[in-house]
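Descriptive analysis of the structure
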Amino acid sequence: MKELAGQPHFDLRFGQSIIINPLGPEKLCSYDCIYCDLGPSEVRMNQIKKEIQFPSVKDVEAAFRASLRNANQQGIKVQSLLLSGNGEPTLYPELPELIDHLLIARQELNPSSQLILLSNGAHIDTNKTVHALNQLDERIIKIDCGNERSFKKINSPLIRATLSRITSGSRKLKDCIVQSMFYGGPKSNNTKENIDEWMELVGILKPKKIQLYTIDKPPVDPSCTPLTEDDLYVIESLIKRKLSIASEVFIKQP
Ligand code: SF4
């Protein structure tokens, strides 16, 4: 995604949505997930810190306002404003300031929409970040596995992230939703061992909801394949049986 704020589009999980991309034209992420649909993470973390010129808060806000105005003029009822973009949005160095500006613009232009963060959860490490994220309507954190070995294989963090740091950071939030990608193929994370460990971890985190989904765009590693609707419902039924956490399955119909 190149634009700082996209055009409204229908998203399976979020309805009519606008994507906000504070990262600029290149994919910038602290993970290199096996299933990512944005391509490989080629910019290393030290380059991100030293070399990347992020768009200004003013420019992101202006693009966001233009997208919302455009949607309003077209009579499109936008439900979700997704702070995600071209990688990991919490890498944006002025995230708290940006969130303040987005909230004001949202209030003026579409107060009934929800401002939602989609994050890998690896950078929730200061009170300032926690406070900023808590101003949003929803905080969605990615957790695809339940042990550190699988975490390295699936999410390939480019920083010293661990699942336990991510869960302890996420527990500082007032609440969160967990999003979990399950996929098939020779490196599948849809194994009994992984699901059991993942459920244990998610049970400790106690999110308000779990979103289950599978691959619907070409992944970085072509050996990763989509699961079927039934596969995801099997996981959902385990959640219902073992955890008292609401869950939802999202799958694109062919
Ligand atoms: S965290 Fe998201 S953007 Fe980053 S590599 Fe994984 S799927 Fe891609």
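Whatever comes next refers back to the structure up there.
Residues numbered from 1 in each chain as written. Predicted model: local features only at pLDDT ≥ 70, side-chain atom pairs only at ≥ 80, totals over all residues. Heavy atoms only, no water.

1. Side note on the pattern of salt bridges
This structure, assessed with the given rule, holds 15 salt bridges. With its nearest N and O atoms 3.9 Å apart, the salt bridge here joins glutamate 193 to arginine 149. Taken together, the positions of glutamate 193 in helix α7 (residues 192–205) and arginine 149 in helix α5 (residues 148–155) put the pair 44 residues apart, joining distant regions of the chain. Among the ionic pairs, lysine 187 bridges to aspartate 221, the shortest N-O distance being 2.6 Å. Linking lysine 187 in the loop between β7 (183–184) and α7 with aspartate 221 in the loop between β8 (209–213) and β9 (225–226), this pair joins segments that are 34 residues apart in sequence. Among the charged side chains, a network of salt bridges with common partners joins Glu138, Arg139, Asp175 and Lys208. (Salt bridge = Lys/Arg side-chain N within 4 Å of Asp/Glu carboxyl O. Helix = DSSP H or I, 4+ residues; strand = E, 2+ residues; numbered from the N terminus.)

2. Considerations on the side chain of serine 30
Within the element layout of this structure, serine 30 appears in the loop between β2 (15–20) and α1 (45–50). Looking at serine 30, the relative accessible area reads 0%, which means it is buried. For serine 30, the side chain forms a polar contact with the side chain of asparagine 120, separated by 3.1 Å. Sequence-distant contacts of serine 30, defined by excluding residues within four places in its chain, comprise Met45, Glu88, Leu91, Asn120, Ala122, His123, Ser156, Pro157, Leu158 and Ile159. (Buried < 20%, exposed > 50% of the residue type's maximum accessible area, 1.4 Å probe, protein only. Polar contact = N/O pair within 3.5 Å; in protein donor to acceptor, adjacent residues only side chain to side chain. Contact = heavy atoms within 4.5 Å.)

3. Considering the packing of aromatic side chains
Per the stated rule, a full pass over the model turns up four aromatic pairs. Ring centres of tyrosine 35 and tyrosine 183 lie 6.1 Å apart, and the angle between their planes is 45 degrees; this geometry places the pair in the tilted category. Note that tyrosine 35 is positioned in the loop between β2 and α1 and tyrosine 183 in strand β7, a separation of 148 residues in sequence. When its relative accessible area of 6% is taken as the criterion, tyrosine 35 is described as buried. Measuring from centroid to centroid gives 5.8 Å for phenylalanine 54 and tyrosine 92, while their planes differ by 85 degrees, and the two rings are edge-to-face. You can see phenylalanine 54 sitting in the loop between α1 and α2 (57–73) and its partner tyrosine 92 sitting in the loop between β3 (80–83) and α3 (95–109), a full 38 residues away along the chain. (Phe/Tyr/Trp six-rings, centres within 6.5 Å; stacked < 30°, edge-to-face > 60°.)

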